[in-house]
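Residues per chain are reported as follows:
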Amino acid sequence: MIAAVTAALVLLILALPLGVWFRYDDGTLEAAASVGPVTVFRYPMEPRRQKPKKPPKPKKARRKDPDQPPEPKKKGKFPWTLLKPLLSILMDLLGKMRRKFLVSELYLCVRCGGKDAAHTALQYGKAWALIGALDPVLHNCFRIANRQAEVLCDYHSDRLRLLLEMRVTLRVGTALWLGLQALCRLIPVFLQYKKKAVQ
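This one's a predicted model, so the numbers in the text were calculated from it and none came from an experiment.

**Here we look at the packing of aromatic side chains**
Okay, step 1: For the structure on display, the rule yields one aromatic pair.
Okay, step 2: With a centroid separation of 6.3 Å and 65° between ring planes, the pair formed by Phe101 and Phe142 is classed as edge-to-face. With a gap of 41 residues between them, Phe101 in the loop between α2 (83–96) and β4 (102–112) and Phe142 in the loop between α3 (117–141) and β5 (143–144) connect regions that are remote in the sequence.

**Observations concerning the pairing of strand β3 (residues 38–43)**
Okay, step 1: Strand direction decides the pairing type here: strand β2 (residues 28–35) and β3, joined by five bridges, are antiparallel. From the neighbouring strand, Ser34 faces β3, where its bridge partner is Thr39.
Okay, step 2: Between β2 and β3, which follow one another and run antiparallel, lie two residues, and Gly36 among them has a positive phi close to 65°.

**Considerations on unusual backbone geometry**
Okay, step 1: Of note, the bond from Tyr43 into Pro44 is cis; its omega dihedral lies within 30 degrees of zero at 0°.
Okay, step 2: Of note in this structure, Asp26 is not a glycine but carries a positive phi near 55°.
Okay, step 3: In this structure, Asp26 sits in the loop between β1 (17–25) and β2.
Okay, step 4: When its relative accessible area of 32% is taken as the criterion, Asp26 is described as partly exposed.

**Notes on the side chain of Ser34**
Okay, step 1: By the element assignment, Ser34 lies in strand β2.
Okay, step 2: Excluding residues within four positions of it along the chain, Ser34 makes contact with Pro17, Leu18, Gly19, Thr39 and Val40.

**Some words on a positive patch on the surface**
Okay, step 1: A contiguous patch of positive charge, built from Arg98, Arg99, Lys100, Arg143 and Arg171, is present on the exposed surface.
Okay, step 2: In this fold, Arg99 is placed in the loop between α2 and β4.

**Brief notes about α3**
Okay, step 1: Over its 25 residues, α3 extends 36 Å from the first C-alpha to the last, a length consistent with the 36 Å expected when each residue adds 1.5 Å.
Okay, step 2: Residue Leu134 marks the point of greatest curvature in α3, where the axis turns by about 25°; the proline Pro136 follows within four residues.
Okay, step 3: Among the residues of α3, Thr120, Gln123, Ala127 and Ile131 are the ones counted as buried.

**Brief notes about the side chain of Ser157**
Okay, step 1: Among the structural elements, Ser157 can be located in the loop between β6 (147–153) and β7 (161–171).
Okay, step 2: Accessibility expressed as a relative area gives 9% for Ser157, which makes it buried.
Okay, step 3: Residues in contact with Ser157, not counting those within four places in the same chain, are Gly113 and Gly114.

Reading the values: rules and limits
- Residues numbered from 1 in each chain as written.
- Predicted model: local features only at pLDDT ≥ 70, side-chain atom pairs only at ≥ 80, totals over all residues.
- Heavy atoms only, no water.
- Phe/Tyr/Trp six-rings, centres within 6.5 Å; stacked < 30°, edge-to-face > 60°.
- Helix = DSSP H or I, 4+ residues; strand = E, 2+ residues; numbered from the N terminus.
- Pairing = 2+ DSSP bridges.
- Buried < 20%, exposed > 50% of the residue type's maximum accessible area, 1.4 Å probe, protein only.
- Contact = heavy atoms within 4.5 Å.
- Patch = residues over 30% accessible without salt bridge, like charges linked within 9 Å, V, L, I, M, F, W, Y side chains within 5 Å.
- Areas by Shrake-Rupley, 256 points an atom, 1.4 Å probe, with all protein chains shown as cover.
- Salt bridge = Lys/Arg side-chain N within 4 Å of Asp/Glu carboxyl O.
- Lys, Arg positive; Asp, Glu negative; His and termini not counted.
- Charge placed at Lys NZ, Arg CZ, Asp CG, Glu CD.
- Expected span 1.5 Å × (residues − 1).
- Bend = angle between axes of the 7 residues up to and from the residue.

And the structure:
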């Protein structure tokens, strides 16, 4: 009985969706991250009440020997030999993540404006051309459940305005499986690098 309940809980946790929602509206960005129905992060964050700060304690100045030379700073070197295998693992991971993400909500609204009616019409045509070029790319990378795009002409404005709202989800089990595969490939690479560094 206990084993069955434990297995059911594990399956329930693995089936939980990891969600990211963001909204861009003419220069204003809002975003949120959630695990299942619980929101774990929100931007912009709500202001917190600041506690009164205590005055800092005076620190005693250390005496330095004028004849003692300054200690040289150690500069960390980037392990360039790891770059090629890391890029290979990253590209393989991105390939496996293809169509693993579910876009449950995608809304795009472009309001075209210009100096005159002709310029506004030109912006209108460019916006639809860009949407038509991006549409197959999005369908190739994501599973899209609900998509809506519209382009409007605003003859009372002299600039282009953009509204984008998107919600992307990924199952916990899928994320763990992809992370485990990447980790299994990363461990031998780092072990081989450390072995060469010691030699």
